[in-house]
Amino acid sequence: MLTTALILVPLAGALVVWLLPWSRFAAGSIALLVSLVEVGLWVTALAGFDFGESGLQDGARASWFSDLEVSYHVGLYGFSLWLVGLTVVAMAAAIGYGLWAGRERARTYFGLMLFLTGAVVGVFTAQDLLLFYAFFEGMLIPLYALIGVWGGRRRQAATIKFVIYTVAGSLLMLVSIIVFGLSQGTFDLVDSGTSDSPWLFLGFAAAFAIKAPLFPLHGWLPDAYRESPPEVAAVLSGVVSKAAVYGLLRIAIAKFPEPADDFRFTILVLAAVGLVYGSFLAFRAPDIRGVIAYSSLAQMGLITLGLFAGNSSGLNGAVLMSVVHGLVSTTLFLLAGGIERRASTGELASLGGMGRGRPLLATMLMTVGVIALAVPGSAAFAGEFLILAGVFDQGWLWAVIGAAAIVLAAMYVLRLISAVLHERDGSAVPREALDLRPAELGLLVPLVACLLALSAWPAAVTDRAFSDGDVRTLQAVQRGDGNGSAFLASVVRECREPRQRYAISGSGSGASHITFVVCREGDDAWTGYAPIDEEEKP
Amino acid sequence: MSIAAWICLLAPLGGALAITLLGELVPRRIAGLVATGSVAVAFAAAVVLFVTVLGRDGEERQELTTAWNWLSVGDLDVGLSLLVDPLSIMMALIVAGVGSLIVAYSIGYMAADDEERRFFAYMALFVFSMLLLVLAGNFLILLAGWGLVGLSSYLLIGFHHERPSAIAAAKKAFIMNAVGDATMALAFFLLVYETGTLDFVTAFERVDGLSSTVVNLVALGLLGGAVAKSAQIPLHTWLPDAMEGPTPVSALIHAATMVTAGVYLIVRAHPLFEAAPSVQDLAAGLGAVTIVVAGLIALVQTDIKRVIAYSTMSQIGYMFLAAGIGAYANGMFHLMTHAFFKALLFLAAGVVIHALVGEQDMRKMGGLRRLMPRTWIAMLIGGLALVGLPPLSGFFSKDSILASALATGDTYGYVLFAAGLFGALLTGIYTFRMLFIVFTGEPSGFVREHLHTEHGEGPRWMTAPVAVLAALAVVGGAVQIAGIWHPLADFLDSIVAADRESLALVEPTVTQDWVTSILAVGAGLLGIGVAWLIYGARRVAAPRMVALRNPLERKLYFDELYQTVFYYPAVGIARGWTRFVEGPLIGGSISGVAGATRGLGRGVGQAQTGFLRTYALAIAAGLAVLAMVFVSVR
Amino acid sequence: MNGPDVTWYLAVAGVLFATGALGVLLRRSPLIVLLSLEIMLNGANLALIAFARQQGDLDGQIFALAVMAVAASEVVVGLGLIVAMARRRLVLDVDELTTLRG
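Because the structure is predicted, anything quoted here is derived from the model rather than measured.

Helices and strands together make up the secondary structure of chain A, namely 20 helices and 2 strands. Expressed as a percentage of the 538 residues in chain A, the buried residues total 66%. When the accessible surface of chain A is totalled, it reaches about 17300 Å², and 62% of it is carbon and sulfur.

In this section: the interface of chain C and chain B. Listed by partner, the interface residues are 12 residues for chain C and 11 residues for chain B. Taking both partners together, chain C and chain B bury about 930 Å²; carbon and sulfur atoms supply 60% of that area. Of all residues in chain C, the largest losses of buried area upon contact with chain B belong to C:Leu25, C:Val94 and C:Asp95, amounting jointly to 45% of the total for that side. Taken together, chain C and chain B are joined by 1 salt bridge. In this structure, C:Asp95 engages B:Arg613 in a salt bridge whose closest nitrogen and oxygen atoms are separated by 2.5 Å. Linking chain C to chain B there are 3 residue pairs in polar contact (both at pLDDT 80 or more). The class makeup of the residues in the side of chain C that touches chain B is 6 nonpolar, 2 polar and 4 charged.

What follows is about the interface of chain B and chain A. The interface of chain B with chain A comprises 48 residues on the first partner and 57 residues on the second. Between chain B and chain A lies a buried interface of about 4600 Å² when both sides are counted; carbon and sulfur atoms form 77% of it. Counting every contact that joins chain B to chain A gives 0 salt bridges. Run the count over chain B and chain A and you get 9 residue pairs in polar contact (both at pLDDT 80 or more). Of all the secondary-structure elements, those providing two or more residues to the side of chain B that touches chain A are β1 (63-73), α5 (139-157), α6 (164-195) and α26 (558-605) of chain B. Sort the elements by how many residues they give to the side of chain B that touches chain A and α6(B) lands first, with 16 residues.

Now for empty space enclosed by the protein. Residues and elements named next belong to chain A. Throughout the structure, instances matching the rule amount to 12 cavities of 30 Å³ or more. Estimates place the volume of the largest cavity at around 160 Å³. For the largest cavity, the lining is made up of 18 residues, of which Ser295, Gln299, Val328, Leu332 and Ala372 are closest to its centre. Elements that contribute at least two residues to the lining of the largest cavity include exactly α12 (288-307), α13 (312-343), α14 (359-372) and α16 (396-421). A per-element tally of the lining of the largest cavity places α13 first, with 6 residues. The class makeup of the residues in the lining of the largest cavity is 12 nonpolar, 6 polar and no charged.

Moving on to the pairing of strand β1 (residues 57-65) of chain A. Where β1(A) lies against strand β2 (residues 70-76) of chain A, 6 bridges are found, and the strand directions are antiparallel. Bridging from a neighbouring strand, A:Phe65 pairs with A:Val70 of β2(A).

Between two packed helices, what matters for the description is the angle formed by their axes and the separation of those axes. Residue and element names in this part refer to chain A. Contact geometry of α14 with helix α17 (residues 438-456) gives a least axis separation of 11 Å together with a crossing angle of 35°. Considering how the two elements wind past one another, α14 and α17 form a crossing that is left-handed. On α17, the residues that touch Leu360, Met364, Thr367, Val368 and Ile371 of α14 are Leu441, Leu444, Val445, Val448, Leu451, Leu452 and Ser455. Taken together, the residues that form the contact of α14 with α17 break down as 10 nonpolar, 2 polar and no charged.

Attention now goes to α14(A). Residues and elements named next belong to chain A. Given a rise of 1.5 Å per residue, 14 residues ought to cover 20 Å, and the 20 Å separating the end C-alpha atoms of α14 matches this to within 8%. With 10 of 14 residues buried, α14 is to be regarded as a mostly interior element. Among the residues of α14, Leu361, Ala362, Met364, Leu365, Met366, Val368, Gly369, Val370, Ile371 and Ala372 are the ones counted as buried. Just beyond α14, the residue with positive phi is Ala374, at close to 60°.

Side-chain positions along a regular strand alternate between the two faces of the sheet. All names here are of chain B. Along strand β2 (residues 76-84), 8 of the 9 residues are buried, which leaves the element largely enclosed by surrounding structure. Direction of pairing for β1 relative to β2: antiparallel, over a ladder of 8 bridges. In the sheet register, Asn69 faces β2, and the bridge partner there is Gly79.

Space inside the second largest pocket adds up to approximately 1300 Å³. For the second largest pocket, the lining is made up of 38 residues, of which A:Met411, B:Ile175, B:Tyr562, B:Phe566 and B:Tyr567 are closest to its centre. When contributions to the lining of the second largest pocket are tallied by element, the ones reaching two or more residues are α11 (264-284) and α16 of chain A together with α6 and α26 of chain B. Top contributing element to the lining of the second largest pocket by residue count: α6(B), with 11 residues.

Residues and elements named next belong to chain A. Along its sequence, chain A is organised into domain 1 (1-262), domain 2 (263-450) and domain 3 (481-536). A separation of 23 Å is found between the C-alpha centroids of domain 1 and domain 2. The interface is formed by 43 residues belonging to domain 1 together with 40 residues belonging to domain 2. The contact between domain 1 and domain 2 buries some 3700 Å² in all, and 75% of this surface belongs to carbon and sulfur atoms.

Further remarks concern the packing of aromatic side chains. Per the stated rule, a full pass over the model turns up 45 aromatic pairs over all chains. Between the aromatic rings of A:Phe201 and A:Phe256, the centroid separation amounts to 6.2 Å while the plane-to-plane angle is 65°, which identifies the pairing as edge-to-face. Pair noted here: A:Phe201 is in helix α7 (residues 198-211) and A:Phe256 is in the loop between α9 (230-255) and α10 (257-262), with a separation of 55 residues, a long-range link. Classification of A:Phe201 as buried rests on a relative accessible area of 0%. Note on A:Phe256: relative accessible area 0%, which makes it buried. Consider the rings of A:Phe283 and B:Tyr567, whose centres lie 6.4 Å apart with planes at 85°: the pair is edge-to-face. With A:Phe283 in helix α11 and B:Tyr567 in helix α26, this pair bridges two chains. Accessibility expressed as a relative area gives 5% for A:Phe283, which makes it buried. Ring pairing ties together the aromatic residues A:Tyr77, A:Phe79, A:Phe124, A:Phe132, A:Phe136, A:Phe180, A:Phe201, A:Phe204, A:Phe208, A:Tyr246, A:Phe256 and A:Phe263, which thus form one cluster. A cation over an aromatic ring shows up here: A:Arg284 above the ring of A:Phe283, its NZ or CZ 5.1 Å from the ring centre.

How each quantity is defined
Residues numbered from 1 in each chain as written. Chains lettered and ligands numbered in written order. Predicted model: local features only at pLDDT ≥ 70, side-chain atom pairs only at ≥ 80, totals over all residues. Heavy atoms only, no water. Helix = DSSP H or I, 4+ residues; strand = E, 2+ residues; numbered from the N terminus. Buried < 20%, exposed > 50% of the residue type's maximum accessible area, 1.4 Å probe, protein only. Areas by Shrake-Rupley, 256 points an atom, 1.4 Å probe, with all protein chains shown as cover. Contact = heavy atoms within 4.5 Å. Buried area = accessible area lost by both parts, 1.4 Å probe. Salt bridge = Lys/Arg side-chain N within 4 Å of Asp/Glu carboxyl O. Polar contact = N/O pair within 3.5 Å; in protein donor to acceptor, adjacent residues only side chain to side chain. Nonpolar A, V, L, I, M, F, W, Y, C, P; charged D, E, K, R; others polar. 1 Å grid on protein atoms, 1.4 Å probe; cavity = no way out; pocket = protein on both sides within 12 Å on 5 of 7 lines; lining within 4 Å. Points joined across faces, edges and corners; volume = space filled by probe spheres on them. Pairing = 2+ DSSP bridges. Axes fitted to C-alpha atoms, helices over the stretch in contact; angles between N-to-C directions. Left-handed = near helix turned anticlockwise from the far one by under 90°. Expected span 1.5 Å × (residues − 1). Domains from an automatic or database assignment. Phe/Tyr/Trp six-rings, centres within 6.5 Å; stacked < 30°, edge-to-face > 60°. Lys NZ or Arg CZ within 6 Å of the ring centre and 35° of its normal.

Listed below in structure tokens is the structure:
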């Protein structure tokens with residue numbers, strides 16, 4: 001029920017804002033109010049969430065096409081709860097920014113923002129593949145309009161490029177969805193089993209690799225980030241890219257364990273290349289948005305490294321890093337928006353000296369900047385540490401590359417900070433440019449406060465992203481545990497409720513390819529596969 | 001005890017937060033008082049811890065307190081924990097004690113600055129970070145403190161951010177420290193992979209089970225971080241540039257505390273280093289090299305703060321040397337006395353700089369002895385302590401290290417001993433070169449014009465801490481007199497007791513102690529004499545030695561080397577990739593797709609001829625084909 | 001049953017259809033094409049009625065009536081187009097009218 005509310009409240013709010021004749025300020029206020037209500041709903045979900053229990057929570061299910069086994073099935077896991085939290089907080093900040101900055105055609109604008117909120121929450125909570133696809137595409141429509149109408153000078157080209165790239169990936173994903181759903185007999189993520197088809201895996205991976213983005217499919221990134229309005233860029237970079245993370249985790253890795261293992265090396269290479277490449281390009285990018293955009297590319301590469309590390313350390317690090325990077329990115333883009341408003345440009349060569357006489361701006365930018373570069377002690381560092389410690393399992397070279405990226409991150413962030421705040425006044429900076437206004441502070445301070453709180457207590461997310469059962473199953477998948485049967489027995493003992501998990505794949509019991517376990521009622525638990533030994537059954 | 005530990009850690013953080021949040025609401029002077037007060041509270045808490053620990057013995061002297069689980073994944077559990085034991089208490093006392101004196105000094109020094117509040121917030125943040133580092137209960141929290149210390153250093157070096165040179169220096173310091181952070185992180189990954197824990201106590205227990213390659217790599221990674229943080233060769237180039245920061249910053253961060261963090265790390269992780277003897281020897285060797293090289297470069301410096309900076313580098317070399325041969329207590333002893341007299345030197349130099357409205361070039365100074373007599377005395381005390389003349393503190397600490405080197409008995413130890421002696425000679429020369437240039441002779445024109453001493457040599461806030469530090473520099477050596485009484489070594493014994501057999505570190509014999517002291521003092525006096533001849537009495541001209549001078553003045557070309565090897569290639573790679581990879585990737589990919597689509601459309605469009613009869617023919621032909629298909633299928 | 005066999009009617013229908021088809025494909029004047037189209041339709045009509053007679057079922061005849069109605073409407077539209085073209089003094093030659101080429 002709560003999950004459905006989380007999806008429907010912003011959608012309903014979007015309708016209300018669109019249809020009724022509000023003034024510009026009223027439309028924005030209502031949108032902001034709805035987004036804050038959404039945050040409240042999420043906090044309620046957080047409070048009621050049992051982190052010790054594995055499996056879906058706050059679920060809701062209603063049949064849609066029964067002959068294809070397509071249903072409206074939504075629910076929350078630990079990690080999706082945190083991603084939804086990131087979404088609602090970031091969107092609230094973005095809507096607040098839109099309200100403060102003032103946008104033309106306000107009703108349409110705020111309606112689209114609310115619609116986007118609902119769509120993204122839907123992506124993170126959908127447990128049926130077609131529903132997931134619908135929400136995934138549903139994210140695209142408002143983004144297309146938001147960038148194309150309210151964007152910068154070259155917005156048309158940027159948004160068309162963005163849409164074409166994304167849709168190309170989505171179509172591949174659609175093919176994979178259809179084939180997978182038909183072969184499994186159901187489109188439900190909780191009920192369906194796994195598959196070892198590399199083509200289906202690639203179909204999904206392509207879509208998510210474009211969305212994240214993963215090098216070299218990032219061609220849409222710089223233009224889209226540069227031409228969007230600041231708050232839309234914040235959402236794009238902070239929230240929408242995490243849809244790819246979620247998809248990789250929930251669908252690509254969980255449903256295709258063997259292909260994920262086969263392609264692991266390639267994906268790790270691409271992720272590492274993206275990490276280094278993005279860092280170098282951020283080091284020399286000529287404008288604020290360019291630095292943030294390429295740093296985003298680098299961070300998504302890092303998160304992907306964590307996802308494909310193959311152990312719980314990497315997965316937890318990836319989830320933590322997703323949340324942290326989402327908040328950091330949102331804050332940075334909103335700050336960039338403020339700076340661009342004051343100086344009418346984002347070109348670093350024309351900026352400088354903005355720290356003088358503007359202590360609030362300097363403090364904010366500095367705080368977010370040092371968290372962005374993952375200074376030890378920050379939440380970003382905790383995430384990076386977990387990811388690299390996890391990927392160390394796959395080979396020491398990955399960790400070395402990651403460590404080098406730490407130094408590179410320091411270089412580009414410090415360059416950004418100095419170019420904006422320090423040294424002489426830039427040619428574009430008017431002397432009367434104001435410090436951060438109370439409205440801007442009202443947007444930025446909660447985001448930074450969340451970041452600081454996470455820095456003091458990263459275990460809040462990492463301890464609560466995956467319950468033991470979830471992680472253990474995912475772990476066994478990725479290692480192709482030789483200890484198949486013993487592991488099987490231990491997981492089977494964990495099954496408290498039927499229909500809780502994922503299905504078996506691979507050959508018989510005791511073999512090295514035991515992957516997941518399905519717990520079903522009744523004796524005929526292992527339909528279609530060889531049953532395990534009697535003494536190991538629960 | 002744990003409450004005191006948390007108060008010690010959090011008081012400065014509270015001070016920093018208070019100053020930041022209250023902002024312009026409080027007068028500037030209050031900000032300084034808040035900062036000083038918070039650090040003083042930390043010192044008081046440290047004293048409480050010290051007294052408590054004194055009353056206990058052995059195992060009871062160590063207490064681990066955890067606030068909450070900071071990070072836990074699978075089997076790895078990292079808590080936000082503090083370890084209170086003699087070593088950390090000693091460091092906390094030094095950090096908070098010297099720190100409070102220096103923050104108090106800053107109230108006077110920074111009084112004219114517009115952004116005073118920011119300065120005090122940063123200083124309090126720094127003290128918090130340093131305390132986090134020394135009180136940390138596991139490697140990850142230590143690394144957190146490590147990084148935050150680097151951050152505070154960046155903020156403070158770049159405090160005058162309108163100056164490009166200050167900003168460049170701040171960035172350089174941070175990035176070199178980040179390299180150290182990266183090597184430490186790699187060491188931790190390996191440690192987690194092999195032992196599954198980052199707790200000090202547990203990790204050290206499991207060291208025995210590790211292969212020698214692993215231990216060597218871990219120790220090497222830790223050494224990399226230590227070398228970067230303590231500005232030892234080869235990661236030392238950031239320290240002289242860091243003098244761009246205000247003088248109290250140089251005193252606190254770059255003399256007394258931050259740069260000693262590397263030594264602390266080696267002592268804290270000594271079980272690891274002892275299991276990797278080659279790395280420990282490397283540490284001692286790097287220390288020895290730094291002693292000599294830094295001392296040589298200090299001979300040709302013209303900026304008063306840079307002389308002291310290179311001197312710091314050199315003295316930390318002594319501490320690394322001590323840690324490298326297993327003489328941990330002696331190394332920590334020198335750390336403590338060095339904090340006293342080096343901070344004293346910096347703060348006294350600050351008084352001079354302050355009185356000369358910011359001038360730091362020694363060549364413009366001269367004859368200040370009569371004009372600023374108290375400052376002269378303070379710097380003289382600091383200089384004598386630095387050179388290591390009895391009965392000042394530096395004598396006891398430095399000589400204990402040299403005696404330990406001699407006592408190791410092997411060739412390597414003798415080489416280290418020789419380097420240390422040569423370093424003592426150099427110390428005498430460069431220290432008193434500085435003192436003679438600045439204080440003796442006739443007041444220069446610049447001095448006569450700019451010196452303002454109507455209100456005494458400096459504000460009370462500045463002169464009082466200097467006096468306290470001078471007193472400490474004189475008597476600080478009393479805690480450990482070689483061979484006679486060693487309460488400090490006893491205090492630290494429970495944690496730093498090296499495995500004496502494996503290191504073959506024996507206590508120096510009385511003969512060795514005397515020989516060392518005589519040689520060291522002699523070297524120091526010789527150095528002073530040389531300096532007197534050239535710069536004091538001006539009887540001998542400074543030797544030209546161009547061939548030697550130029551490389552030294554260019555700091556042995558390390559800066560140029562790093563620029564060429566790291567910075568320019570980084571810029572080049574970034575530019576190259578932007579042009580040759582990103583350009584085609586962004587522009588090319590989409591234009592390619594668009595072009596292909598258009599071409600395909602054009603190709604298919606050729607079927608639309610516009611001729612009616614073509615379409616009719618197509619219909620007829622299609623019909624015929626269908627008919628044939630139906631007929632044949634039937 | 002009186003009269004010739006159904007086959008003969010179908011043959012005539014076929015001839016009519018072929019004639020119409022050839023006319024559509026080979027003639028250049030739109031008017032003649034339209035006329036030929038009508039002949040094809042009539043051929044189909046004849047075949048329908050013949051089969052209806054053979055099956056003894058009236059469905060074919062009703063179908064034929066429907067076809068006639070559709071044919072009449074379509075001729076109206078076609079002739080209207082041709083008249084419009086003539087009024088604009090366009091050349092009434094299907095090979096020349098190619099504005100809709102792709």
